[in-house]
Amino acid sequence: PTALAWALFGKATALEQTHTAPPEPLLEESLRAARQVQSQLVLGVSMSRLVTLRRRLGRPLDAVPLMLELLDHWDRLGDFPRLSHTVREWAMCLGLLGADPTAVSLLASAESGDDVMPLLPPDRAFMAELSEQLRDQLGENAFAAARIVGAELTRDEATLLAARTLLATRDMPAQAR
């Protein structure tokens, strides 16, 4: 069963690189299989890939429930690089939802951390565009202030800030989103 979960994850990852149709069903099946056998690593990477895929498809709100679980998952496992990656992923989602200084602070926190996984190649250009968009929307002074706040956050503070904003977004009435 663990091998099946990994195989589904691997196939979804390969298809994402070569096909226009998103491999969301395969990632969801990998997630179900990993939950069934309680394989913590494949569970985490499947959730992470599904969150990233939903963001890339322009559906950041669909990623919120998984992202809350993912923050807790990596924190409990003590996998700080993946925890920081999840915080950065939420910041990118939050930025897609609008001009938000918290997104800027979380991005700056991730950039200043020494245990953050590098951005995946498809996300490098997106990150540059998102930063420019947030700078334009917030204004130079507010953007700079949010970056300073974020650069000073500890990993625990950034994780807590991400969790609080995830909960607030989840609990927000649908018409306010």
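Residues numbered from 1 in each chain as written. Predicted model: local features only at pLDDT ≥ 70, side-chain atom pairs only at ≥ 80, totals over all residues. Heavy atoms only, no water.

A few points about the overall build of the protein chain
Argument step 1. Across its full length, the protein chain carries 9 helices and 0 strands.
Argument step 2. Along the longest, intermediate and shortest principal axes, the C-alpha atoms of the protein chain span 50 × 35 × 35 Å.
Argument step 3. Across the 177 residues that make up the protein chain, the buried fraction comes to 46%.
Argument step 4. Carbon and sulfur atoms provide 57% of the accessible area of the protein chain, an area that totals close to 8800 Å².
Argument step 5. Across the protein chain, the centroid of the 18 positively charged side chains sits 5 Å from that of the 23 negatively charged ones. (Helix = DSSP H or I, 4+ residues; strand = E, 2+ residues; numbered from the N terminus. Buried < 20%, exposed > 50% of the residue type's maximum accessible area, 1.4 Å probe, protein only. Areas by Shrake-Rupley, 256 points an atom, 1.4 Å probe, with all protein chains shown as cover. Lys, Arg positive; Asp, Glu negative; His and termini not counted. Charge placed at Lys NZ, Arg CZ, Asp CG, Glu CD.)

Focus: empty space enclosed by the protein
Left-over empty space is what a probe sized like a water molecule reveals as it rolls over the atoms.
Argument step 1. The full count for this structure, using the stated rule, is 1 cavity of 30 Å³ or more.
Argument step 2. Quantified by volume, the largest cavity comes out at close to 30 Å³.
Argument step 3. If you trace the largest cavity, you find it lined by Val-104, Leu-107, Glu-111, Ser-131, Leu-134, Phe-143 and Arg-147.
Argument step 4. For the lining of the largest cavity, the secondary-structure elements that each account for two or more residues are α6 (101–112), α7 (121–138) and α8 (140–151). (1 Å grid on protein atoms, 1.4 Å probe; cavity = no way out; pocket = protein on both sides within 12 Å on 5 of 7 lines; lining within 4 Å. Points joined across faces, edges and corners; volume = space filled by probe spheres on them.)

A few points about the packing of helix α4 (residues 60–77) against helix α5 (residues 80–96)
Two numbers describe a pair of packed helices, the interaxial angle and the distance between the axes.
Argument step 1. At their nearest, the axes of α4 and α5 sit 10 Å apart, and the two run at 160° to each other. Classified by the angle their axes make, α4 and α5 are roughly antiparallel. When you trace α4 past α5, the crossing you get is left-handed. Contacts between α4 and α5 involve Pro-60, Val-64, Met-67, Leu-70, Leu-71, Trp-74 and Asp-75 from the first element and Arg-82, Leu-83, Thr-86, Val-87, Glu-89, Trp-90, Cys-93 and Leu-96 from the second.
Argument step 2. By residue class, the composition of the contact of α4 with α5 is 11 nonpolar, 1 polar and 3 charged. (Axes fitted to C-alpha atoms, helices over the stretch in contact; angles between N-to-C directions. Parallel < 35°, antiparallel > 145°, perpendicular 65-115°, else oblique. Left-handed = near helix turned anticlockwise from the far one by under 90°. Contact = heavy atoms within 4.5 Å. Nonpolar A, V, L, I, M, F, W, Y, C, P; charged D, E, K, R; others polar.)

Details of the nonpolar core
Argument step 1. Counting 47 residues, the largest nonpolar core has Met-67, Trp-90, Met-92, Leu-106, Leu-107, Leu-134 and Leu-166 as the members making the most contacts within it.
Argument step 2. If you tally residues by element for this core, the top one is α4, at 8 residues. (Core = buried A, V, L, I, M, F, W, Y, C linked by side-chain atoms within 4.5 Å.)

Here we look at helix α3 (residues 40–56)
Argument step 1. Counted at 1.5 Å a residue, the expected span for α3 with its 17 residues is 24 Å, and the 24 Å between its end C-alpha atoms agrees.
Argument step 2. Burial runs high along α3: 14 of the 17 residues are buried.
Argument step 3. Positive phi shows up at Gly-58, right after α3, with a value of about 80°. (Expected span 1.5 Å × (residues − 1).)

Some words on the layout of surface pockets
Argument step 1. Empty space within the largest pocket amounts to approximately 200 Å³.
Argument step 2. Lining the largest pocket, in full, are Phe-9, Val-45, Ser-48, Arg-49, Thr-52, Trp-74, Arg-82, His-85, Met-117, Pro-118 and Leu-120.
Argument step 3. Of all elements in the fold, only α3 and α5 reach the threshold of two or more residues within the lining of the largest pocket.
Argument step 4. Element by element, the count of residues in the lining of the largest pocket is highest for α3, at 4 residues.
Argument step 5. For the lining of the largest pocket, the class distribution of residues is 6 nonpolar, 3 polar and 2 charged.

Focus: the side chain of Arg-55
Argument step 1. On the secondary structure map, Arg-55 appears in helix α3.
Argument step 2. Take Arg-55: its relative accessible area is 3%, and that puts it in the buried class.
Argument step 3. Not counting the four nearest positions on each side in its chain, Arg-55 is found in contact with Glu-89, Met-92, Cys-93, Leu-96, Asp-123 and Phe-126.

So, the packing of aromatic side chains
Argument step 1. In total, this model carries 0 aromatic pairs according to the counting rule given.
Argument step 2. Geometry around Phe-80 places Arg-155 over its ring, the cationic atom sitting 3.9 Å from the centre. (Phe/Tyr/Trp six-rings, centres within 6.5 Å; stacked < 30°, edge-to-face > 60°. Lys NZ or Arg CZ within 6 Å of the ring centre and 35° of its normal.)

Focus: α6
Argument step 1. The terminal C-alpha atoms of α6 lie 16 Å apart, and with 12 residues this matches the ideal 16 Å at 1.5 Å per residue to within 8%.
Argument step 2. Of all 12 residues in α6, 9 are buried, a share of seventy percent or more.
Argument step 3. Those residues of α6 that fall on the buried side of the exposure criterion are Thr-102, Ala-103, Val-104, Ser-105, Leu-106, Leu-107, Ala-108, Ser-109 and Ala-110.
Argument step 4. On its buried face, α6 sits against α5, α7, α8 and α9 (155–171).

Geometric descriptors of this kind do not, in isolation, establish any biological role.
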